[in-house]
Amino acid sequence: MPRARLLVVEDQSIIALDLKNRLNSLGYDVLATAAYAETALQQAAADRPDLVLMDIRLKGEMDGIQAAERLRADHDLPVIYLTAHSDEQTLQRAKLTAPYGYVLKPFEDRELHMAIEIALHKHNLEAQLKERERWLAATLTSIGDAVIATDRAGRVKFMNPGAEALTGWTQAEAIGQALSQIVSLVDEETRAPAIGPVAQVWQAGAGIGLANHTVLIARDGQEVPIEASAAPIQAERGQPGGLVLVFRDVTERRRAAEALRASNAE
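Residues numbered from 1 in each chain as written. Predicted model: local features only at pLDDT ≥ 70, side-chain atom pairs only at ≥ 80, totals over all residues. Heavy atoms only, no water.

Some points on the sheet that holds strand β2 (residues 29-34)
- Read from one edge of the open sheet, 5 strands run β2-β1-β3-β4-β5, paired in parallel fashion. Each edge of the sheet is formed by a strand with only one pairing partner; in this case those strands are β2 and β5 (102-104). On average, each strand axis in the sheet is inclined to that of its neighbour by 20°, with strand direction left out of account.
- The strands touched by helix α1 (residues 13-25) are β1 (5-9), β2, β3 (51-55) and β4 (79-83); relative to β2, the strand with the most contacts, the crossing angle is about 170°.
- Packing against the sheet, helix α5 (residues 109-142) makes contact with β1, β3, β4 and β5, and its axis sits at approximately 175° to β5. (Pairing = 2+ DSSP bridges. Helix = DSSP H or I, 4+ residues; strand = E, 2+ residues; numbered from the N terminus. Axes fitted to C-alpha atoms, helices over the stretch in contact; angles between N-to-C directions. Contact = heavy atoms within 4.5 Å.)

Things to note about the layout of surface pockets
- A volume near 280 Å³ is recorded for the largest pocket.
- Together, Leu129, Arg132, Glu133, Leu136, Ala137, Leu140, Val147, Ala149, Lys157, Phe158 and Val244 line the largest pocket.
- Residue assignment for the lining of the largest pocket shows that the elements contributing at least two residues are α5, β6 (146-151) and β7 (156-159).
- Here the element with the most residues in the lining of the largest pocket is α5; it accounts for 6 residues.
- For the lining of the largest pocket, the per-class residue count stands at 8 nonpolar, no polar and 3 charged. (1 Å grid on protein atoms, 1.4 Å probe; cavity = no way out; pocket = protein on both sides within 12 Å on 5 of 7 lines; lining within 4 Å. Points joined across faces, edges and corners; volume = space filled by probe spheres on them. Nonpolar A, V, L, I, M, F, W, Y, C, P; charged D, E, K, R; others polar.)

Points about the packing of aromatic side chains
- In total, this model carries 1 aromatic pair according to the counting rule given.
- One residue, Arg152, lies across the ring of Trp202, its end atom 4.3 Å from the ring centre.
- In this arrangement the basic side chain of Arg219 is found over the ring face of Trp169, its NZ or CZ atom lying 3.9 Å from the centre. (Phe/Tyr/Trp six-rings, centres within 6.5 Å; stacked < 30°, edge-to-face > 60°. Lys NZ or Arg CZ within 6 Å of the ring centre and 35° of its normal.)

Describing the pattern of salt bridges
- Inspection of every chain in the model, using the stated rule, returns 14 salt bridges.
- Between Asp145 and Arg248 there is a salt bridge whose closest N-O contact spans 2.7 Å. Of this pair, Asp145 sits in the loop between α5 and β6 while Arg248 sits in strand β12 (residues 240-249), and the two are 103 residues apart along the sequence.
- Here Arg191 ties to Glu223 by a salt bridge, and the two come within 2.4 Å at their closest N and O atoms. In this pair, Arg191 sits in the loop between β8 (184-187) and α9 (197-204) while Glu223 sits in strand β11 (residues 223-234), placing the two residues 32 residues apart along the sequence.
- The class for Glu223 is partly exposed, based on a relative accessible area of 40%. (Salt bridge = Lys/Arg side-chain N within 4 Å of Asp/Glu carboxyl O. Buried < 20%, exposed > 50% of the residue type's maximum accessible area, 1.4 Å probe, protein only.)

Remarks on the side chain of Thr251
- Topologically, Thr251 is positioned in helix α10 (residues 251-265).
- Engagement of the side chain of Thr251 in a polar contact is seen with the side chain of Asp249, the distance being 2.5 Å.
- In this structure Thr251 touches Val224 and Pro225, once residues within four positions along its chain are discounted. (Polar contact = N/O pair within 3.5 Å; in protein donor to acceptor, adjacent residues only side chain to side chain.)

A short note on the pairing of β6
- Burial runs high along β6: 6 of the 6 residues are buried.
- Neither face of β6 is exposed, since Ala146, Ile148 and Thr150 on one face and Val147, Ala149 and Asp151 on the opposite face are all buried.
- For β6 and β7, the ladder comprises 3 bridges, and the chain directions are antiparallel. Counterpart to Thr150 in the pairing with β7 is Val156.
- Counting the residues that bridge the hairpin from β6 to β7 gives 4 residues, and of these Gly154 lies at a positive phi of roughly 85°.

Observations regarding unusual backbone geometry
- Here Lys105 and Pro106 are connected by a cis peptide whose omega angle stands at -5°.
- Its place among the elements puts Pro106 in the loop between β5 and α5.
- The backbone of Arg48 shows a phi angle near 45°, a positive value even though the residue is not glycine.
- Of note, Arg48 is situated in the loop between α2 (37-47) and β3.
- A residue is classified by how much of its surface remains accessible, and Arg48, at 42% relative accessible area, is partly exposed.
- The backbone of Asp76 sits at a positive phi, close to 55°, despite the residue not being glycine.
- Looking at the element boundaries, Asp76 is found in the loop between α3 (64-75) and β4.
- Classification of Asp76 as partly exposed rests on a relative accessible area of 30%.

Following this line, the structure appears as structure tokens:
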């Protein structure tokens, strides 16, 4: 297994050298040490370490918290803060950067090793999750059917281009809106509002299919006959975390069926 590659950002050279030796003995590869945030940013861009150990107080105009913000934004690098007892305001600023841990000075090897391993594991899991999300988003974007996902309260969290085209809403406009606001459904025969998929899914406790005579009224008032199904999205411990609605325009299929019936009747 390859050794994790670390960057140490510490403004006191004696502490930096001691930390580098400790990390080497723990089985890590220290790419470099830096005393200034600006130097650390350049080093990180060049070497792309697996993890950055960042002192909060640094030499120069930029402190470790500002540097950590840049590292996360520009390179998505996990950061562990190295700190003595800081004031409450500094700690609150540090929290906003979503660090992967804190290690208090003076360092203890066991604590240091544990913090690094937890941070590396957490960042690896997050990277895998982001990759799955990108793969899922690409898949849902490319399919022909319209897809909308909601949270537990029925508020829209995702729409693919197919759903945007049929409803007339863009994903940016729809995010956070109630599904019933974006997907207006009526019974084609009675013209009565159809029971929404959110209510049907929660009542059934499972996936459902909408009635075949359901019509979607788009944002511009155009009516589109659709075929649709909805299913719950399971969250932790089997609790429903939302639902996914999949639907398609069946106008052409209906026309083809009617043409076939007319042809057979002649």
